[in-house]
Amino acid sequence: MPVIAVWKCDRDGSMFDDKKAAEAHDNMLELAANITQLIESRISGISDENLEAIGLLLAKNSDALAKACKGKPSVLLELEEADTETTEENPSKITAING
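Below or above, wherever it landed, is the structure these notes cover. (Residues numbered from 1 in each chain as written. Predicted model: local features only at pLDDT ≥ 70, side-chain atom pairs only at ≥ 80, totals over all residues. Heavy atoms only, no water.)

1. Things to note about the overall build of the protein
Along the protein, the regular secondary structure elements total 4 helices and 2 strands. Element order for the protein, N to C, with α for helix and β for strand: β-β-α-α-α-α. For the protein, restricting intrachain contacts to residue pairs at least 6 apart in sequence, the fraction spanning at least 24 positions comes to 23%. (Helix = DSSP H or I, 4+ residues; strand = E, 2+ residues; numbered from the N terminus. Contact = heavy atoms within 4.5 Å.)

Written as structure tokens, this is what we have:
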């Protein structure tokens, strides 16, 4: 029986076939947690569920956000279009922010 190495992310229990993907996922979750904490400390009245959803949304799209901050704000609209197409193809995929 062969032995297969897998990496498990401590933060959410996700399993990965390679270390690089596991580390990238863990870094994304750490960024999301830090974004969530920043928003929570500065803006009151947002539910914990929405705070987490916002943190994950921003962390998952950090590359596009960086490009937008560097003078290409239209990149964010391209993300919205891609999400709309994905949701139309799979109506069960609805993000926590949208409802």
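Alright, that's what it looks like, and here's the rest.
2. Section: the nonpolar core
One finds Cys9, Phe16, Ala22, Met28, Leu29, Ala32, Ile35, Ile39, Leu51 and Ala59 forming the largest nonpolar core, which totals 10 residues. Broken down by element, the residue count for this core peaks at 6 residues, all from helix 1 (residues 19-42). Ignoring anything within four residues of it in the chain, the contact list for Ala22 reads Trp7 and Phe16. (Core = buried A, V, L, I, M, F, W, Y, C linked by side-chain atoms within 4.5 Å. Buried < 20%, exposed > 50% of the residue type's maximum accessible area, 1.4 Å probe, protein only.)

3. Focus: helix 1
Compared with an ideal rise of 1.5 Å per residue, which puts 24 residues at 34 Å, helix 1 spans 35 Å between its outermost C-alpha atoms and is within 8% of the ideal. Three or more residues of helix 1 are buried, namely Ala22, His25, Met28, Leu29, Ala32, Ile35, Thr36 and Ile39. As for helix 1, its buried residues are in contact with strand 1 (7-8), strand 2 (15-16) and helix 2 (48-60). The opening residue of helix 1, the one whose side-chain oxygen lies 3.3 Å from the backbone nitrogen of Lys20, is Asp18. (Expected span 1.5 Å × (residues − 1). Polar contact = N/O pair within 3.5 Å; in protein donor to acceptor, adjacent residues only side chain to side chain.)

4. Remarks on the side chain of Thr36
Position of Thr36 relative to the elements: it lies in helix 1. Setting aside residues no more than four positions away along its own chain, Thr36 makes contact with Leu51, Glu52 and Gly55.

5. A closer look at helix 2
Between its terminal C-alpha atoms helix 2 stretches 18 Å, which fits the 18 Å expected from 13 residues at 1.5 Å a residue. Against helix 1 and helix 3 (62-69) lie the buried residues of helix 2.

6. Notes on the packing of helix 1 against helix 2
Packing of helix 1 against helix 2 leaves a shortest axis separation of 8 Å and a crossing angle of 130 degrees. By the angle between their directions, the pair helix 1 and helix 2 is classed as oblique. In this structure, helix 1 meets helix 2 at a crossing whose hand is right-handed. Of the residues in helix 2, those in contact with Met28, Leu29, Leu31, Ala32, Ile35, Thr36, Ile39 and Glu40 of helix 1 are Asp48, Leu51, Glu52, Ile54, Gly55, Leu56, Leu58, Ala59 and Lys60. (Axes fitted to C-alpha atoms, helices over the stretch in contact; angles between N-to-C directions. Parallel < 35°, antiparallel > 145°, perpendicular 65-115°, else oblique. Left-handed = near helix turned anticlockwise from the far one by under 90°.)

7. Some points on the pattern of salt bridges
Side chains bearing opposite charge may pair, as long as their charged atoms lie close to each other. All told, the structure shown has 3 salt bridges when counted by the stated rule. Among the salt bridges present, the one from Arg11 reaches Asp26, with a minimum N-O distance of 2.9 Å. With Arg11 in the loop between strand 1 and strand 2 and Asp26 in helix 1, the pair connects residues that are 15 residues apart, well separated along the chain. In this structure, the salt-bridge partner of Arg11 is Glu30, at a minimum N-O distance of 3.7 Å. Here the residue Arg11 occupies a position in the loop between strand 1 and strand 2, and Glu30 occupies one in helix 1, the gap between them amounting to 19 residues. A relative accessible area of 45% means that Arg11 is categorised as partly exposed. One continuous salt-bridge network, built from bridges that share partners, spans Arg11, Asp26 and Glu30. (Salt bridge = Lys/Arg side-chain N within 4 Å of Asp/Glu carboxyl O.)

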